[in-house]
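Structural characterization, general
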Amino acid sequence: MTGAYDYDLFTIGAGSGGVAGTRRAASYGARTAIAEEWRFGGTCVLRGCVPKKLLIYGTHFAHEMADARGYGWEVDGNLDWSKLVAAKNRETDRLEGIYRNLLSGAGVEAIAGRARIIGPNAVEIGGRRITSKYILIAAGGRPERPDIPGIEYSITSNEALDLQELPRRIVIVGGGFIAVEFAGIFRAAGASVTIVIRGEKILRGFDEDIRDHLTAELLKQGISINPGVSVTRIDRSAGRKRATLSDGREMDADTIMFATGRVPNTRDLGLESVGVHLDKSGGIAVDEWQKTTVAGIYAIGDVTNRINLTPVAIAEGRALAETLFNSNPTSMDHTDVPSAVFSQPPVGTVGLSELEAIRLYGVEGVDVYKATFRPMKHTISGRDERTMMKLIVESATGRVRGVHMVGADAPEIIQGVAIAVKAGLTKKAFDRTVAIHPTAAEEFVLMRDKLKR
Ligand code: FAD
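No experiment lies behind these values; they were computed from the predicted model shown. (Residues numbered from 1 in each chain as written. Predicted model: local features only at pLDDT ≥ 70, side-chain atom pairs only at ≥ 80, totals over all residues. Heavy atoms only, no water.)

**Things to note about the site of the ligand**
Neighbouring the ligand are 38 residues, the closest being Gly17, Glu36, Thr43, Lys52 and Asp302. Between Gly17 and the ligand, the recorded distance is 2.8 Å, taken from a backbone N or O atom to an oxygen atom. One nitrogen or oxygen atom from the main chain of Ala115 is found 3.0 Å from a nitrogen atom belonging to the ligand. Of all the elements in the fold, those that place two or more residues in the shell around the ligand are helix H1 (16-27), strand S2 (32-36), helix H2 (42-47), helix H3 (49-70), helix H6 (177-189) and helix H9 (310-325). The dominant element in the shell around the ligand, judged by the number of residues it contributes, is H2, at four residues. For the shell around the ligand, the per-class residue count stands at 16 nonpolar, 15 polar and seven charged. The two domains that each donate at least three residues to the shell around the ligand are domain 1 (7-143 + 263-325) and domain 2 (151-260). (Near = heavy atom within 4 Å. Polar contact = N/O pair within 3.5 Å; in protein donor to acceptor, adjacent residues only side chain to side chain. Helix = DSSP H or I, 4+ residues; strand = E, 2+ residues; numbered from the N terminus. Nonpolar A, V, L, I, M, F, W, Y, C, P; charged D, E, K, R; others polar. Domains from an automatic or database assignment.)

Written as structure tokens, this is what we have:
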């Protein structure tokens, strides 16, 4: 199949999308290679989903112990932060090994080093010129920090995952999912946590009830949330850092973390030289077949800056392999992608927010069902935590267009409900479904009263 080329597919970046797509291509007999400049596994496995979730599991025991006391357990305990970080690192090291084995087992040639495109069918890596019929850019993204004085004294999520000591006081700048997840980790571990956000509320883009409900829960835990301000400078003295805010306030902390956004890794990839265009958001512009503006060059995952989630990058990579190497043209469907925020308590969401639905169907065209309640577990645990669940229904068709939840197990519950939303099921189908009692999830099939607006 290669003809005059060294490979059929050369992939830049061995993260979630690159590895999945290249392995699938190899399974169809394509001659494949994958270049990685850092560690095999990419952001999700080594600097994202996996290590952060392990820290969430590790710190959430603080909540469990407090809850257990309400049930009569005489438990108490202290967290050895460095042991938690070491255990997390052992697991991510193990996973990196698994990724390497998966690639070699699939017959993908793994090449360490930074790759750069030097022609429509050519890349350069470590001084070597390699040709390939197709090139796949799966270079992911990286954290971005504002250019303010003293920014070098701050950290990003990359370093936050590897702090050797637990900060006593941390300021987290940003209100996106990464910011609130790390706020939960550090707060549960015992740190004093302050969030600083430029906008009015955390979790821009999520349903307003999710934003308000989670804000209330974080405040109850003693997390301070400061809206409408930004950090304008950072000073350091005697190991402590001081953040100066746009309203003149000063905040002292051991650690200042910026979670103000991520940008696609398009720098120095040689894109301009071959004519690969970026879109307005700075991601590589692709069509629904992951094709860039240059024939033979494709891009998937975070580097395209569309829906920056691991399962999306994986699905895009596999779809491309199906199209190119299995005569099975497959485009990725980006609608109704469920997602979670592993805050404490967590968020699960799929489909339209109430505002998005109103924009599409008008105020009269949308029915909203909502429940907030104290979960049964906390009647005895004594924890002051409430769960919020919400259904967004298109009145004309009865179709459930959005499902949102803040509360224990929300990501697990929403994954199941997402199948119903994707299948286009109606509120009537939800109503016909028998509840599992006693659960929190049963509320999704028991909501009867439309919210009066
Ligand atoms: P990546 O996984 O970023 O892989 C890109 C790879 O390309 C990297 O390994 C990089 O080193 C390499 N590379 C870049 N340029 C070159 C080059 N020129 N040559 C060679 N190699 C190169 N997603 C979820 O679905 N759930 C979550 O809970 C979740 N949590 C997250 C938490 C954090 C803190 C972060 C930062 C992200 C999280 N994400 C989560 C997002 C998820 O990690 C990404 O969407 C996913 O990793 C994207 O995969 P990718 O293949 O596009 O890129």
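And the narrative resumes.
**Description of the nonpolar core**
By size, the foremost hydrophobic cluster in this structure holds 37 residues, and its most contacted members are Trp81, Ile172, Phe182, Phe186, Leu203 and Met257. Mapped onto this core, the elements with two or more residues apiece are H3, helix H4 (81-106), strand S8 (169-173), H6, strand S9 (192-196) and helix H7 (208-220). Ranked by residue count, the leading element in this core is H6, at eight residues. If we skip the residues at most four places from it in the chain, Met257 touches Ile155, Thr156, Ser157, Ala160, Ile170, Val171, Ile172, Val173, Ile178 and Phe182. In terms of nonpolar packing, the next biggest core, distinct from the first, is built from 23 residues, Ala35, Val123, Ile135 and Ile297 among them. (Core = buried A, V, L, I, M, F, W, Y, C linked by side-chain atoms within 4.5 Å. Buried < 20%, exposed > 50% of the residue type's maximum accessible area, 1.4 Å probe, protein only. Contact = heavy atoms within 4.5 Å.)

**A few points about unusual backbone geometry**
A cis amide bond links Gln344 to the next residue, Pro345, at an omega of 5°. Along the chain, Pro345 turns up in the loop between strand S17 (339-341) and strand S18 (347-351). With an omega of -5°, the peptide bond between His437 and Pro438 qualifies as cis. As for its position among the elements, Pro438 is in the segment after helix H13 (427-432). Even without being a glycine, Ala238 presents a positive backbone phi close to 50°.

**Overview of the packing of H3 against H6**
At a minimum axis separation of 8 Å, H3 and H6 run at an interaxial angle of 40°. On the basis of their axis angle, the class for H3 and H6 is oblique. Between H3 and H6 lies a crossing whose hand is left-handed. Between H3 and H6, the contacting residues are Lys52, Leu55, Ile56, Thr59, Ala62 and His63 on the first element and Phe177, Glu181, Phe182, Ile185, Ala188 and Ala189 on the second. A per-class count over the contact of H3 with H6 returns eight nonpolar, two polar and two charged. (Axes fitted to C-alpha atoms, helices over the stretch in contact; angles between N-to-C directions. Parallel < 35°, antiparallel > 145°, perpendicular 65-115°, else oblique. Left-handed = near helix turned anticlockwise from the far one by under 90°.)

**With respect to helix H12 (residues 410-422)**
Because an α-helix packs 3.6 residues into every turn, residues spaced three or four apart end up facing the same way. Relative to the 18 Å expected for 13 residues at 1.5 Å per residue, H12 spans 18 Å between its end C-alpha atoms, a close match to the ideal helical length. Looking at H12, one finds that the buried residues are Ala410, Pro411, Ile413, Ile414, Val417, Ala418, Ala420 and Val421. On its buried side, H12 packs onto S17, S18, strand S21 (400-406) and H13. Once H12 finishes, Gly424 follows within two positions and takes phi at roughly 75°, a positive value. (Expected span 1.5 Å × (residues − 1).)

**Comments concerning the sheet that holds strand S11 (residues 231-237)**
Spatially, three strands are ordered S11-S12-S13 in an open sheet, and the strand pairing comes out antiparallel. If you trace the sheet from one side to the other, it starts and ends with S11 and strand S13 (250-253), each paired once. The sheet shows a mean angle of 20° between the axes of neighbouring strands, direction not considered. Direction of pairing for strand S12 (residues 240-245) relative to S13: antiparallel, over a ladder of four bridges. Bridge pairing in S13 places Thr244 opposite Glu250. (Pairing = 2+ DSSP bridges.)

**Observations concerning the environment of Ile56**
Structurally, the position occupied by Ile56 is in helix H3. Among the residues examined, Ile56 registers a relative accessible area of 8% and is labelled buried. Residues Ile56 and Phe182 lie 126 residues apart in sequence; the distance between their C-alpha atoms is 8.4 Å. The residues contacting Ile56, other than those within four sequence positions of it, are Ile185, Phe342 and Gln344.

**A closer look at the domain arrangement of the chain**
Under the domain assignment used here, the chain contains domain 1 (7-143 + 263-325), domain 2 (151-260) and domain 3 (339-445). The gap between the C-alpha centroids of domain 1 and domain 2 is 27 Å. Between domain 1 and domain 2, the contact holds 17 residues from the first and 16 residues from the second. In total, about 1400 Å² of surface goes out of reach between domain 1 and domain 2, with carbon and sulfur atoms giving 65% of it. For domain 1, the biggest contributors to the area lost against domain 2 are Arg47, Lys52 and Trp81; these three give 39% of the whole. Here domain 1 is connected to domain 2 by two salt bridges. With a shortest N-O distance of 2.9 Å, Lys88 and Asp162 are connected by a salt bridge. For the pair domain 1 and domain 2, the interface holds five residue pairs in polar contact (both at pLDDT 80 or more). Residues that form the side of domain 1 that touches domain 2 fall into these classes: nine nonpolar, five polar and three charged. (Buried area = accessible area lost by both parts, 1.4 Å probe. Salt bridge = Lys/Arg side-chain N within 4 Å of Asp/Glu carboxyl O.)

**Focus on the sheet that holds S8**
Pairing between sheet strands relies on hydrogen bonds along the backbone, with the strands arranged either parallel or antiparallel. Taken in spatial order, the four strands line up as S10-S9-S8-S14 in an open sheet, and their pairing is parallel. With one partner strand each, in any of the chains shown, strand S10 (224-226) and strand S14 (255-258) form the two edges of the open sheet. Ignoring which end each strand starts from, the neighbouring axes of this sheet average 20° apart. Pairing analysis gives five bridges linking S8 to S9, with the strands arranged parallel. Paired with Val173 across the bridge in S9 is Val196. Lying on the sheet, H6 is in contact with S8, S9 and S14; it crosses S9 at an angle near 165°.

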